[in-house]
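# A structural walkthrough
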Amino acid sequence: MSWRDWVRNAEVEPSLYAADFARLGEQIEVLLRAGCRIFHFDVGDGHFVEPVTIGPVVLESIAPQVHEAGGVLDCHLMVESPEHHIPQFGEAGADSVTVHFEVCRDLASVVALARDQGLQVGLVFNPETEVEEPAAAAIEAGVDLVLCMSVHPGYSGQAFIPESVERIRRLRELLPDEMPVQVDGGVGLENIRELYDAGARLFVAASAIVGGGDPSAAYGRLVRALA
(Lines give C-alpha, C1' and ligand atoms only; values in the text may rest on other atoms or scores of the structure.)
Protein backbone atom coordinates (compact mmCIF):
# COMPACT_ATOMS: atom_id res chain seq x y z
CA MET A 1 0.00 0.00 0.00
CA SER A 2 1.12 3.56 -0.67
CA TRP A 3 0.04 7.17 -0.31
CA ARG A 4 -1.73 6.81 -3.65
CA ASP A 5 -3.96 4.19 -2.01
CA TRP A 6 -4.39 6.05 1.29
CA VAL A 7 -5.31 9.53 0.04
CA ARG A 8 -8.85 10.04 -1.09
CA ASN A 9 -9.56 13.54 -2.44
CA ALA A 10 -7.94 15.03 0.66
CA GLU A 11 -7.15 13.77 4.15
CA VAL A 12 -7.29 15.44 7.55
CA GLU A 13 -4.65 13.91 9.83
CA PRO A 14 -5.06 14.32 13.60
CA SER A 15 -1.69 14.86 15.25
CA LEU A 16 -1.47 12.56 18.25
CA TYR A 17 1.11 14.87 19.84
CA ALA A 18 -1.78 16.98 21.16
CA ALA A 19 -3.80 14.00 22.44
CA ASP A 20 -4.67 13.26 26.04
CA PHE A 21 -2.22 10.41 26.66
CA ALA A 22 -4.22 9.14 29.59
CA ARG A 23 -6.96 8.39 27.02
CA LEU A 24 -4.91 7.86 23.85
CA GLY A 25 -6.51 4.60 22.73
CA GLU A 26 -9.98 5.95 23.47
CA GLN A 27 -9.36 9.12 21.43
CA ILE A 28 -7.99 7.10 18.51
CA GLU A 29 -11.09 4.90 18.57
CA VAL A 30 -13.36 7.96 18.54
CA LEU A 31 -11.53 9.35 15.50
CA LEU A 32 -11.57 6.02 13.67
CA ARG A 33 -15.32 5.86 14.15
CA ALA A 34 -15.59 9.41 12.80
CA GLY A 35 -13.93 8.26 9.56
CA CYS A 36 -10.30 9.18 10.20
CA ARG A 37 -7.82 6.83 8.54
CA ILE A 38 -4.45 8.61 8.77
CA PHE A 39 -2.85 9.59 12.07
CA HIS A 40 0.15 11.90 12.34
CA PHE A 41 2.77 10.79 14.86
CA ASP A 42 5.23 13.56 15.80
CA VAL A 43 8.66 12.51 17.05
CA GLY A 44 11.01 15.05 18.66
CA ASP A 45 14.50 14.14 19.82
CA GLY A 46 15.45 17.10 22.02
CA HIS A 47 18.15 18.10 19.51
CA PHE A 48 16.67 19.03 16.14
CA VAL A 49 13.68 20.32 18.12
CA GLU A 50 13.83 21.14 21.80
CA PRO A 51 11.02 18.89 23.09
CA VAL A 52 11.46 15.17 23.53
CA THR A 53 8.10 13.82 22.41
CA ILE A 54 6.72 10.32 21.76
CA GLY A 55 8.66 7.41 20.30
CA PRO A 56 8.56 3.78 19.15
CA VAL A 57 7.18 2.37 22.41
CA VAL A 58 4.03 4.50 22.10
CA LEU A 59 3.79 3.77 18.39
CA GLU A 60 3.98 0.04 18.99
CA SER A 61 1.20 0.26 21.58
CA ILE A 62 -1.29 1.89 19.18
CA ALA A 63 -0.29 0.33 15.84
CA PRO A 64 -2.50 -2.78 16.17
CA GLN A 65 -5.57 -0.68 16.98
CA VAL A 66 -4.99 1.62 14.01
CA HIS A 67 -4.07 -1.11 11.53
CA GLU A 68 -6.93 -3.44 12.47
CA ALA A 69 -9.30 -0.59 11.57
CA GLY A 70 -7.58 -0.05 8.21
CA GLY A 71 -5.72 3.06 9.38
CA VAL A 72 -2.28 4.42 8.67
CA LEU A 73 0.46 5.82 10.93
CA ASP A 74 2.36 8.71 9.38
CA CYS A 75 5.48 9.41 11.45
CA HIS A 76 7.09 12.88 11.29
CA LEU A 77 10.68 12.48 12.48
CA MET A 78 11.81 15.84 13.89
CA VAL A 79 15.20 14.33 14.63
CA GLU A 80 18.86 14.60 13.78
CA SER A 81 20.27 11.55 11.99
CA PRO A 82 16.91 10.00 11.01
CA GLU A 83 18.73 6.98 9.63
CA HIS A 84 19.42 5.94 13.25
CA HIS A 85 15.70 5.89 14.06
CA ILE A 86 13.93 4.63 10.93
CA PRO A 87 14.42 0.89 11.60
CA GLN A 88 12.92 1.25 15.09
CA PHE A 89 9.84 2.97 13.71
CA GLY A 90 9.46 0.40 10.97
CA GLU A 91 9.53 -2.38 13.54
CA ALA A 92 7.10 -0.50 15.81
CA GLY A 93 4.41 -0.25 13.13
CA ALA A 94 4.97 2.94 11.13
CA ASP A 95 3.56 3.03 7.62
CA SER A 96 5.37 6.17 6.48
CA VAL A 97 8.24 8.30 7.80
CA THR A 98 8.92 11.92 6.94
CA VAL A 99 12.42 13.33 7.41
CA HIS A 100 13.70 16.90 7.48
CA PHE A 101 15.51 18.37 4.51
CA GLU A 102 17.67 20.42 6.88
CA VAL A 103 19.37 17.34 8.37
CA CYS A 104 19.48 14.90 5.43
CA ARG A 105 22.83 15.31 3.72
CA ASP A 106 22.34 12.03 1.87
CA LEU A 107 18.60 11.90 1.27
CA ALA A 108 18.91 9.07 -1.24
CA SER A 109 20.38 6.71 1.37
CA VAL A 110 17.72 7.66 3.91
CA VAL A 111 15.00 6.97 1.36
CA ALA A 112 16.60 3.63 0.48
CA LEU A 113 16.75 2.66 4.16
CA ALA A 114 13.08 3.49 4.62
CA ARG A 115 12.15 1.52 1.51
CA ASP A 116 14.07 -1.46 2.89
CA GLN A 117 11.81 -1.27 5.95
CA GLY A 118 8.73 -1.30 3.71
CA LEU A 119 7.94 2.33 4.51
CA GLN A 120 6.64 5.21 2.46
CA VAL A 121 8.86 8.31 2.71
CA GLY A 122 8.18 12.02 2.93
CA LEU A 123 10.43 15.07 2.95
CA VAL A 124 9.64 18.06 5.19
CA PHE A 125 11.14 21.54 5.31
CA ASN A 126 10.98 24.37 7.84
CA PRO A 127 9.53 27.87 7.42
CA GLU A 128 13.02 29.39 7.01
CA THR A 129 13.92 27.08 4.11
CA GLU A 130 13.25 28.27 0.58
CA VAL A 131 10.81 26.05 -1.29
CA GLU A 132 12.90 25.35 -4.38
CA GLU A 133 15.72 23.32 -2.80
CA PRO A 134 13.60 20.74 -0.95
CA ALA A 135 11.29 20.46 -3.96
CA ALA A 136 14.23 19.60 -6.19
CA ALA A 137 15.64 17.18 -3.61
CA ALA A 138 12.26 15.47 -3.27
CA ILE A 139 12.00 14.94 -7.02
CA GLU A 140 15.56 13.65 -7.31
CA ALA A 141 15.16 11.21 -4.39
CA GLY A 142 11.69 10.08 -5.47
CA VAL A 143 9.95 10.61 -2.15
CA ASP A 144 6.23 9.97 -1.80
CA LEU A 145 5.10 13.31 -0.34
CA VAL A 146 6.44 16.72 0.64
CA LEU A 147 5.47 18.44 3.89
CA CYS A 148 5.59 22.22 4.17
CA MET A 149 5.75 23.31 7.81
CA SER A 150 3.45 26.25 8.48
CA VAL A 151 4.80 26.71 12.03
CA HIS A 152 8.21 26.09 13.55
CA PRO A 153 8.45 22.36 14.32
CA GLY A 154 8.37 21.03 17.84
CA TYR A 155 5.48 22.67 19.64
CA SER A 156 1.73 22.24 19.24
CA GLY A 157 -0.64 25.22 19.38
CA GLN A 158 1.45 27.75 17.43
CA ALA A 159 -0.16 30.37 15.19
CA PHE A 160 -0.24 29.64 11.46
CA ILE A 161 2.38 31.53 9.42
CA PRO A 162 0.34 33.33 6.71
CA GLU A 163 3.13 33.21 4.12
CA SER A 164 2.76 29.43 4.11
CA VAL A 165 -0.16 29.64 1.68
CA GLU A 166 2.02 31.02 -1.10
CA ARG A 167 4.82 28.62 -0.21
CA ILE A 168 2.41 25.71 -0.67
CA ARG A 169 1.19 27.17 -3.94
CA ARG A 170 4.78 27.40 -5.20
CA LEU A 171 5.58 23.89 -3.95
CA ARG A 172 2.57 22.46 -5.79
CA GLU A 173 3.79 24.11 -9.01
CA LEU A 174 7.23 22.53 -8.66
CA LEU A 175 6.28 18.96 -7.76
CA PRO A 176 4.92 16.21 -10.01
CA ASP A 177 1.15 15.83 -9.83
CA GLU A 178 1.39 12.41 -8.19
CA MET A 179 3.46 13.74 -5.23
CA PRO A 180 0.99 15.13 -2.65
CA VAL A 181 1.66 18.25 -0.60
CA GLN A 182 1.14 18.04 3.14
CA VAL A 183 0.82 21.00 5.52
CA ASP A 184 1.43 20.94 9.27
CA GLY A 185 0.93 23.70 11.81
CA GLY A 186 -1.91 26.00 12.72
CA VAL A 187 -4.36 24.26 10.39
CA GLY A 188 -7.99 24.97 11.28
CA LEU A 189 -11.39 25.96 9.98
CA GLU A 190 -10.20 29.48 9.18
CA ASN A 191 -7.54 28.38 6.66
CA ILE A 192 -8.01 24.73 5.59
CA ARG A 193 -9.99 25.55 2.44
CA GLU A 194 -7.46 28.19 1.37
CA LEU A 195 -4.68 25.66 1.84
CA TYR A 196 -6.61 23.14 -0.25
CA ASP A 197 -7.05 25.71 -3.00
CA ALA A 198 -3.28 26.37 -2.88
CA GLY A 199 -2.63 22.70 -3.59
CA ALA A 200 -2.32 20.89 -0.26
CA ARG A 201 -4.12 17.56 0.08
CA LEU A 202 -2.88 16.31 3.47
CA PHE A 203 -3.76 18.47 6.46
CA VAL A 204 -2.17 17.82 9.84
CA ALA A 205 -4.20 19.29 12.70
CA ALA A 206 -3.31 18.98 16.37
CA SER A 207 -5.08 21.31 18.79
CA ALA A 208 -7.85 21.96 16.23
CA ILE A 209 -8.92 18.31 16.63
CA VAL A 210 -7.63 16.68 19.79
CA GLY A 211 -7.00 19.84 21.80
CA GLY A 212 -10.69 20.35 22.57
CA GLY A 213 -13.46 18.36 24.16
CA ASP A 214 -14.92 16.54 21.14
CA PRO A 215 -12.32 15.22 18.65
CA SER A 216 -14.96 13.52 16.51
CA ALA A 217 -16.94 16.71 15.96
CA ALA A 218 -13.79 18.76 15.38
CA TYR A 219 -12.50 16.26 12.81
CA GLY A 220 -15.87 16.25 11.07
CA ARG A 221 -15.95 20.04 10.79
CA LEU A 222 -12.56 20.10 9.09
CA VAL A 223 -13.54 17.34 6.67
CA ARG A 224 -16.75 19.16 5.77
CA ALA A 225 -14.79 22.36 5.16
CA LEU A 226 -12.97 20.52 2.38
CA ALA A 227 -16.11 19.05 0.82
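So, here is what we can say about the structure in this document.

Rules and cut-offs
- Every chain is numbered on its own, with residues counted from 1 as its sequence reads.
- Residue-level local features of this predicted model are given only where pLDDT is at least 70; pairs of side-chain atoms are given and counted only at 80 or more, and the full residue set underlies all totals for whole chains, interfaces and linings.
- As a rule here, side-chain values come from all non-hydrogen atoms in the structure, and water together with hydrogens is ignored.
- Centres within 6.5 Å are what make two rings of Phe, Tyr or Trp a pair, Trp counting through its six-membered ring; a difference in plane orientation under 30 degrees is then read as stacked, over 60 as edge-to-face, and the rest as tilted.
- Secondary structure follows DSSP: runs of H or I at least 4 residues long count as helices, runs of E at least 2 residues long count as strands, and numbering of each begins at the N terminus.
- A simple rule labels every residue: compare its accessible area, found with a 1.4 Å probe on the protein chains alone, to the largest value its type can have, and call it buried under 20%, exposed over 50%, or partly exposed in between.
- Whether two strands pair comes down to DSSP finding at least two bridges between them.

## Things to note about the packing of aromatic side chains
Aromatic ring pairs: the centre-centre distance and the angle between the two ring planes describe each pair. Throughout the structure, instances matching the rule amount to one aromatic pair. With centroids separated by 5.0 Å and ring planes inclined at 75°, the aromatic side chains of Trp3 and Trp6 adopt a geometry described as edge-to-face. Here Trp3 and its partner Trp6 are both found in helix α1 (residues 3-6), three residues apart, which amounts to about one turn of the helix. Of the two residues, Trp3 and Trp6, neither departs from the other in class, the shared state being buried.

## Some remarks on the pairing of strand β7 (residues 181-184)
Alternating positions in β7 separate into two faces, Val181 and Val183 on one and Gln182 and Asp184 on the other, with burial throughout. In this structure, strand β6 (residues 145-149) lies alongside β7, joined through four bridges in parallel fashion. Bridge pairing links Met149 to Asp184 in β7. In this structure, β7 lies alongside strand β8 (residues 200-205), joined through four bridges in parallel fashion. Residue pairing in the sheet places Asp184 in a bridge with Val204 of β8.

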